[in-house]
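# Structural characterization, general
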Amino acid sequence: MRTKKIVLSLVALLLFVSVPLPTAAVTPYEGYNYSYYGYAVPSPSGYLPSVSYNGNALGVGSFNQPNDLFVAPSGHIYILDSGNKRIVHLDENWNVVRTIDSFDNNGITDGFSAPSGIFVTNAGIIYVADTEKRRVVILSEEGRLIRTIENPQSDILPSDFTFYPLKLTVDYADRVYVVARGVFEGIMQFDEKGEFLGYVGTNKVRPGFGDYIWKLLATREQRERMVLFIPSEFSGVDIDERGFVYATNVDPGSNEPVKRLNPSGEDILKRHGYFGVIGDVQYDELGANRGPSRFIDITVHGTGMYSVLDAQRGRIFTYDDEGKLLYVFGGVGNQLGVFRTPVALTYVGDRIAVLDRGRNRIVVFEPTAFGQAVNSAIGMQAEGKVEEAVRHWREALRLNANFEIAYIGIGKAYLMERRNKEAMEYFKLGMNRKYYSTAFKRYRKDVVREHFGTAMNVLLLLVIGFAGYRTFKKYRSRRVRTNETISG
C-alpha cells in the first residue's frame, strides 16, 4: 500500500512538472480582440510586464502622486513626481541624471505646485504644465528657466478666465498645445513666444434621439430647465513626427474619444476598423467597472500605431494608422502588469511604460512574439517592404489563426504588388469589403486587359464568319433563282 502511494505521488509530480501552466497563471490579464461580428475572442497578449520601478528602486526616494512621464527622442525618461513637486530625469538605462525641484526666476527661487503634464523637445527643452500656479514652465535640459506661459489674453477668452494647464505637447515650430481644466472649446494653442492663438479640435456634442424628441414636446419652461449640452474636456495629448496632434477626451459616451488633428484643427483620424476607436466594444452595465472605456492618455509610435490608456478598466488598446484594433493588455488588480490608478503611458523604444499613480510606480511592458510580429509587420508595411511585411503577418497568423487583421495586412501587401486575385482571397478572410471591392475592380481590369487581344480576335473571326455566311447565303439564293428561271 505504501509503495502504491509513492508511485501515485511520483506520477502526480511528473504531471505537474510536464504540463505547462495556462497563460492566466503567467500574466494577470487575458489577451483578446474583437471579431468582425463584435465578439470578444481570445488572442495572444501583445505585451507582457517585465519590470516595475518605484522611486526607492531608482534611488530618488518614494514617488508621491506622480502624474505624467515622457520619453525624449534621446531615450531619456522624465517623470513628473507631482506630490514631491519635482522632475526626475533618467537616462535610457533608468539611471538618475538629475532631479529638478526648483529654478531661479528673476533672482527668486521658484518651484512647482501640483504639476500635471510634461513634454521634452528634440533639443532637450522641458515644458511643464504647472497646474496650481496656473502657468506653463519652460526649462532648459539642466533646469534653467527659459520663460513661462501664463495668464493668456484674448478677446475670445472670458473676462474671468483662469488658466489651469493639465497636459501639453509641442510641435516642430515650437507651438504649444495645452489641455486646460474647465476648457470645453478645444485644445489651447500658443505660438513660440507664448501668445495665445486660439482653440483647435473642439469636441462636437451630439444629443441623442430622445433628447430631440423631448425638446420638441417640452414646454418653453421645461426647455429652459434642460441640461445644457457641454462638450467634454480633453484628457491626454501627444504629437507624431509629422506634427499631427493626437488627443483623447474623457467623455465615456463619445463616439470619437480619440482625435488626430491637422494644423487647421480638423480631425483626420482614420476609423476603418470593424468598430470605432472606442476601446471595449462589449462591457458590463453593472459593477465597479461598468460602462464604456474612458481614455485618459495616448502615445504615438513612429510607424503610425498609437496606444490609448483606459482609466475605466486599466487596459491599453493599440491601433494601427487606419484605426484597426491590434491587441489589448493590462487591467486593474494587485499583480505586476495590472494597475490601481493608471494615469499615463509612453513608448520606450518598442516597450511601453505605464505610470500607476495608485502604487507610485512605473510598469514596463515588453512585446511578446505575437506583439513583435504585428509591430514588425506594420513597420515593414509602412516602409513599403512588402515581402518582409507578409512574412511577419504570416508569423502573427501562426500564433493566432483568428487574427483577421493579419489577413487584411497580407491582402494589402498583395494589392501593392498587383496580385489582385490573391488579395481578394485575403480580404475576404479579413472581412474587409472596402479593400475587397478595390482588389476586385483591379482584378476585373486585369482579366479584361489580359484577354482583350484574344477576345478581339474571336470577335473578328465571328464577324468575318458571319459576313462570309451571309455572302454565301446570298450567293446560294441567287443561284437557286437563276436555276428556277432556266428550268421555267
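See the structure above.
Residues numbered from 1 in each chain as written. Predicted model: local features only at pLDDT ≥ 70, side-chain atom pairs only at ≥ 80, totals over all residues. Heavy atoms only, no water.

### Points about helix α8 (residues 404–416)
For clarity, the threshold we go by: To qualify as a helix, a DSSP run of H or I must reach at least 4 residues; to qualify as a strand, a run of E must reach at least 2; elements of each kind are numbered from the N terminus. Here the expected span of a helix is defined as 1.5 Å times the quantity of residues minus one. For every residue, the accessible area (1.4 Å probe, protein chains only) is compared with the maximum for its type, and the residue is labelled buried under 20%, exposed over 50%, or partly exposed between those bounds.
If you check α8, its first and last C-alpha atoms are 19 Å apart, about what 13 residues at 1.5 Å a residue would give, namely 18 Å. Of all the residues in α8, the buried ones are Glu404, Ile405, Ala406, Tyr407, Ile408, Gly409, Ile410, Gly411, Lys412, Ala413, Tyr414 and Leu415. Looking one or two residues beyond α8, the residue adopting positive phi is arginine 418, at roughly 65°.

### As for the sheet that holds strand β13 (residues 145–150)
The condition is simple: Here a strand pair is declared whenever DSSP counts at least two bridges between the two strands. Simply put, an axis is a line fit to the C-alpha atoms, just over the touching stretch for a helix, and the angle between two N-to-C directions goes from 0 to 180 degrees.
Sheet architecture is open: four strands sit in the order β10-β11-β12-β13, paired in antiparallel fashion. Here the strands that pair on one side only, and so sit at the sheet edges, are β10 (117–120) and β13. Adjacent strand axes in the sheet meet at a mean angle of 15°, parallel and antiparallel pairs treated alike. Of the pairings in the sheet, the one linking β10 to strand β11 (residues 126–130) comprises four bridges and is antiparallel in character. Following the sheet pairing, valine 120 is matched in β11 by isoleucine 126.

### Overview of the side chain of aspartate 238
Heads up, the rule is: Between two residues, a contact is recorded if the distance between any of their heavy atoms is within 4.5 Å.
Summarising the element assignment, aspartate 238 is placed in strand β18 (residues 234–239). Once residues lying within four places of it in the same chain are set aside, the contact partners of aspartate 238 are Thr169, Phe244, Val245, Tyr246, Ile298, Thr299 and Val300.

### A few points about empty space enclosed by the protein
Threshold: Two kinds of site are reported from a 1 Å grid over the protein atoms alone, namely cavities, where a 1.4 Å probe fits but cannot get out, and pockets, open sets with protein on both sides within 12 Å along at least five of seven lines, and residues are called lining when an atom falls within 4 Å of a point. Grid points are joined across faces, edges and corners, and a volume is the space filled by probe spheres set on the points. Under the scheme applied here, ten amino acids are nonpolar (Ala, Val, Leu, Ile, Met, Phe, Trp, Tyr, Cys and Pro), four are charged (Asp, Glu, Lys and Arg), and all others, including Gly, are polar.
Across all of its chains, the model carries two cavities of 30 Å³ or more by this definition. Taken as a whole, the largest cavity holds about 200 Å³ of empty space. If you go around the largest cavity, you meet 22 residues; those closest to its centre are Asn33, Tyr34, Tyr274, Leu325 and Ile405. Sorting the residues of the lining of the largest cavity by element identifies β1 (32–34), β2 (40–42) and α8 as the ones contributing at least two each. Counted by class, the lining of the largest cavity contains 11 nonpolar, nine polar and two charged residues. The volume enclosed by the second largest cavity comes to roughly 90 Å³. Along the wall of the second largest cavity there are 13 residues; nearest its centre are Tyr177, Gly243, Val245, Asn262 and Pro263.

### Remarks on the nonpolar core
This is how the line gets drawn: We call a set of buried residues a nonpolar core when its members are Ala, Val, Leu, Ile, Met, Phe, Trp, Tyr or Cys and they connect through side-chain atoms within 4.5 Å of each other.
Ranked by internal contacts, the top residues of the largest apolar core, which has 44 residues, are Phe329, Val354, Phe365, Val374, Trp393 and Phe403. Sort the elements by how many residues they give to this core and α8 lands first, with eight residues. Once you skip the residues sitting within four places of it in the chain, phenylalanine 403 turns out to touch Asn33, Leu326, Phe370, Val374, Trp393, Ala396 and Leu397.

### Regarding helix α6 (residues 369–382)
Compared with an ideal rise of 1.5 Å per residue, which puts 14 residues at 20 Å, α6 spans 20 Å between its outermost C-alpha atoms and is within 8% of the ideal. Extensive coverage of α6 is indicated by the burial of 10 of its 14 residues. When α6 is considered as a whole, its buried residues turn out to be Phe370, Gly371, Ala373, Val374, Asn375, Ser376, Ala377, Ile378, Gly379 and Met380. Along its buried surface, α6 packs onto β3 (47–54), β24 (325–330), β27 (361–367) and α7 (386–399).

### Quick look at the layout of surface pockets
Here the largest pocket defines a volume of roughly 880 Å³. In terms of lining residues, the largest pocket is bounded by 39 residues, among which Phe70, Pro73, Phe119, Asp238 and Ile239 are the most central. Every element with two or more residues in the lining of the largest pocket is listed here: β4 (68–71), β10, β14 (165–170), β18, β21 (295–300) and β25 (342–348). For the lining of the largest pocket, the per-class residue count stands at 19 nonpolar, 12 polar and eight charged.

### Structural notes on the packing of α6 against α7
Stated formally: Throughout, the term roughly parallel applies to angles under 35 degrees, roughly antiparallel to angles over 145, roughly perpendicular to angles from 65 to 115, and oblique to all others. Crossing chirality is assigned from the near helix's rotation relative to the far helix, an anticlockwise turn below a right angle marking it left-handed and a clockwise turn marking it right-handed.
Where α6 contacts α7, the axes come no closer than 8 Å and their chain directions differ by 155°. Relative to α7, α6 is oriented roughly antiparallel. At the point where α6 passes α7, the crossing takes the left-handed sense. Of α7, the residues touching α6 (which contributes Ala369, Phe370, Ala373, Val374, Ser376, Ala377, Ile378, Met380 and Gln381) are Glu388, Ala389, His392, Trp393, Glu395, Ala396 and Leu399. Considering only residue class, the contact of α6 with α7 consists of 11 nonpolar, three polar and two charged.

### Things to note about the pattern of salt bridges
Heads up, the condition is: We define a salt bridge as a side-chain nitrogen of Lys or Arg found within 4 Å of a carboxyl oxygen belonging to Asp or Glu.
For the structure on display, the rule yields 22 salt bridges. With its nearest N and O atoms 3.6 Å apart, the salt bridge here joins lysine 259 to glutamate 256. You can call lysine 259 buried: its relative accessible area is 6%. Residue classification places glutamate 256 among the partly exposed positions, given a relative accessible area of 23%. Look at the salt bridges and you will find they share partners, linking Asp110, Asp130, Lys133 and Arg135 into a network.

### Quick look at the packing of aromatic side chains
The way to describe two aromatic rings as a pair is by their centre distance and the angle between their planes. To keep it simple, the criterion reads: Each aromatic pair joins two rings of Phe, Tyr and Trp (for Trp, the six-membered one) with centres within 6.5 Å, and gets the label stacked for planes under 30 degrees apart, edge-to-face for over 60, and tilted for any other angle. Any Lys NZ or Arg CZ found within 6 Å of a ring centre and within 35 degrees of that ring's normal is scored as a charge over the ring.
Going through the model one piece at a time under the given rule, you end up with 22 aromatic pairs. Ring centres of tryptophan 393 and phenylalanine 403 lie 6.4 Å apart, and the angle between their planes is 35°; on these two criteria the pair is classed as tilted. Here the residue tryptophan 393 occupies a position in helix α7, and phenylalanine 403 occupies one in the loop between α7 and α8, the gap between them amounting to 10 residues. We note that tryptophan 393, like phenylalanine 403, is buried. Relative to tyrosine 426, the ring of tyrosine 414 has its centre 5.6 Å away and its plane inclined at 65°; by these criteria the two rings are edge-to-face. Of this pair, tyrosine 414 sits in helix α8 while tyrosine 426 is found in helix α9 (residues 420–429), placing the two residues 12 residues apart along the sequence. Here tyrosine 414 matches tyrosine 426 in class, with each residue buried. The side chain of arginine 181 reaches across the aromatic face of tyrosine 164, ending 4.7 Å from its centre.

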